[in-house]
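Structure assessment
Listed here are the chains, written in short residue letters.
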There are 2 protein chains.
Amino acid sequence: MKLTTKGRYAVTAMLDLSLHFGEGPITLADIAQRQGISLSYLEQLFSRLRKRSLVASVRGPGGGYSLGRSADEIYVGEVISAVDENIDTTRCNGAHNCQNNERCLTHDLWSDLSNQIYGYLNKISLQDLMDRQAVREVAQRQGQQEQETNPGMDISMSDMSSGPAGA
Amino acid sequence: MKLTTKGRYAVTAMLDLSLHFGEGPITLADIAQRQGISLSYLEQLFSRLRKRSLVASVRGPGGGYSLGRSADEIYVGEVISAVDENIDTTRCNGAHNCQNNERCLTHDLWSDLSNQIYGYLNKISLQDLMDRQAVREVAQRQGQQEQETNPGMDISMSDMSSGPAGA
DNA sequence: GATAATCTTGACTATTTTGCTTGGGAATGT
DNA sequence: ACATTCCCAAGCAAAATAGTCAAGATTATC
């Protein structure tokens, strides 16, 4: 599991696509301008997204990209892993051919955590993110803290007191 | 929020410290050998971990590092953010001074997700990881799947069917 | 059919980050 | 004194990131 700005770009672009769903194909040029990402870089990212069928493309004038599935069937984990696919992640790759047991133990501990994060991100769909944002905007307008329930999702937004997460 | 091999090294090293808790200070040379990380790189990582009081150091012969707090009070999110601290994360940093509303919207969507991941990682302690691993080893020895309950933690290990997470 | 819009692909480059080395210190137990 | 350890800073090669450039392929529209 890796989580860098590359994945952020991909998720951001996919969210842009989600927001303009129903308007026909969206050109990369539009996304590039709206999200401040270079066109050619987007092309590279979308090449990988297309291979995973996360987006569908239409060529020619009036063409562009659209979501490969509906927004509630595309999960954040998929998007991130699609653009991140690199070969060797762990030092003792896959197999447990480490020298001593000690090393394998902590490596397993890490891969355990990695799997947890992965499973977590694979439960959050693009639609969830959009719903969540919408709900929070309403709540903010009403001047109250987040207290709403979100049926079908067990992700709580509470207790993130210490996390800068972007500053 | 960022999650790279650098953070993995830090978490792995901290787990190593946790596993040898009670044996007095652990030298970086030991960790370097056990985990296959270069000594000087560990020094750099531990310099940052020490600034956040995640580890405590003892100089001189017989010295080394130990956990700054007990393993159930150190959270994975802290460890990762300690070694990752870079300055500019988002393009429209902190403030919402983007050009058009569209861009700010999707940026907020991303930072929302980022906060969720952060909150998630800040609920997982080093002790949790060690417990989880121990439990799973026992379960594996008994030939049954994971079905145990983990009081105080609401993290499920189920439904990670599609995640390669390191292959 | 010509043309323009758009995806598609590959090569190339600059910048940043990783991971590591080197080389020196400073503290401290023996 | 001395060896052991933490501490710190500079530098450096390899990789990843982010982007540019250039050439195509497809297709709607005139």
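Residues numbered from 1 in each chain as written. Chains lettered and ligands numbered in written order. Predicted model: local features only at pLDDT ≥ 70, side-chain atom pairs only at ≥ 80, totals over all residues. Heavy atoms only, no water.

1. Some details on the confidence of the model for chain A
All names here are of chain A. To keep things clear, this is the line we draw: Per-residue confidence from the prediction method is given by pLDDT, with values spanning 0 to 100. We count a stretch as a helix when DSSP gives it H or I for four or more residues in a row; a strand needs E for two or more, and each element gets its number in order from the N terminus. Whether two residues are in contact is decided by their heavy atoms: any pair within 4.5 Å suffices.
Mean pLDDT over chain A stands at 78; residues scoring 70 or higher make up 74%. Of all secondary-structure elements in chain A, the lowest mean pLDDT belongs to helix α5 (residues 101–121), at 80, while strand β2 (residues 64–67) reaches the highest, 96. Low pLDDT, under 50, characterises residues 93–97; the predicted model gives this stretch three contacts beyond four residues in sequence or across chains.

2. What to know about unusual backbone geometry
One non-glycine residue, Ser53 of chain A, lies in positive phi territory at about 60 degrees. On the secondary structure map, Ser53 of chain A appears in the loop between α3 (39–51) and β1 (55–58).

3. Some words on the packing of aromatic side chains
Which entries qualify depends on this criterion: Side-chain rings of Phe, Tyr and Trp (the six-membered ring for Trp) are treated as a pair once their centres are within 6.5 Å; stacked means planes under 30 degrees apart, edge-to-face means over 60, and tilted covers the remaining angles. Buried, partly exposed and exposed residues are distinguished by accessible area as a fraction of the type maximum, computed with a 1.4 Å probe on protein chains only: under 20%, between the cut-offs, and over 50%, respectively. Whether a charge sits over a ring comes down to the Lys NZ or Arg CZ being within 6 Å of the ring centre and within 35 degrees of the ring normal.
Across all of its chains, the model carries five aromatic pairs over all chains by this definition. Measuring from centroid to centroid gives 4.1 Å for Tyr120 of chain A and Tyr120 of chain B, while their planes differ by 10 degrees, and the two rings are stacked. Within this pair, whereas Tyr120 of chain A is found in helix α5, its partner Tyr120 of chain B is found in helix α5 (residues 101–121), the two belonging to separate chains. No difference in accessibility class separates Tyr120 of chain A from Tyr120 of chain B, as the two residues are buried. With 5.9 Å between their ring centres and 85 degrees between their planes, Tyr9 of chain B and Tyr41 of chain B make a pair best called edge-to-face. Placement of Tyr9 of chain B in helix α1 (residues 5–19) and of Tyr41 of chain B in helix α3 (residues 39–51) is noted, with a sequence separation of 32 residues between them. Residue Tyr9 of chain B is classed as buried on the basis of its relative accessible area, which comes to 15%. Geometry around Tyr9 of chain A places Arg8 of chain A over its ring, the cationic atom sitting 5.7 Å from the centre.

4. Observations regarding the pattern of salt bridges
Residue and element names in this part refer to chain A. Worth spelling out the cut-off: Salt bridges are counted wherever a side-chain nitrogen of Lys or Arg sits within 4 Å of a carboxyl oxygen of Asp or Glu.
In the structure shown here, the tally under the stated rule is four salt bridges over all chains. One salt bridge in this structure joins Arg69 and Glu78, with 2.8 Å as the shortest N-O distance. A residue is classified by how much of its surface remains accessible, and Arg69, at 28% relative accessible area, is partly exposed. Residue class for Glu78 comes out partly exposed when judged on its relative accessible area of 23%.

5. Overview of the protein's contact with DNA strand C
The condition that has to hold: Here a residue is considered near a molecule or strand provided that any single heavy atom belonging to it is located within 4 Å of it. In the analysis that follows, any N or O atom pair within 3.5 Å is treated as a polar contact, provided that within protein one partner can donate a hydrogen and the other can accept it, and provided that, for residues neighboring in sequence, both atoms belong to side chains. By the convention adopted, Pro, Cys, Tyr, Trp, Phe, Met, Ile, Leu, Val and Ala count as nonpolar, Lys, Arg, Asp and Glu as charged, and the other residues, Gly among them, as polar.
The environment of DNA strand C is formed by 28 residues, the closest being Tyr65 of chain A together with Thr5, Ser40, Gln44 and Arg59 of chain B. The separation between a phosphate oxygen of DNA strand C and a polar side-chain atom of Lys2 of chain B is 3.1 Å. Tyr41 of chain B is positioned such that a nitrogen or oxygen atom in its side chain is 3.1 Å from a phosphate oxygen of DNA strand C. Sorting the residues of the surface near DNA strand C by element identifies α3, β1 and β2 of chain A together with α1 and α3 of chain B as the ones contributing at least two each. A class-by-class count of the residues in the surface near DNA strand C yields eight nonpolar, 13 polar and seven charged.

6. Considering the protein's contact with DNA strand D
DNA strand D sits among 27 residues. The nearest are Thr5, Ser40 and Arg59 of chain A together with Ser57 and Tyr65 of chain B. When the atoms of DNA strand D within 4 Å of the protein are sorted by group, sugar and phosphate make up 67%. The separation between a phosphate oxygen of DNA strand D and a polar main-chain atom of Leu28 of chain B is 3.1 Å. At 3.5 Å from a base oxygen of DNA strand D is found a main-chain nitrogen or oxygen belonging to Pro61 of chain B. Elements with a minimum of two residues in the surface near DNA strand D: α1 (5–19) and α3 of chain A together with α3, β1 (55–58) and β2 (64–67) of chain B.

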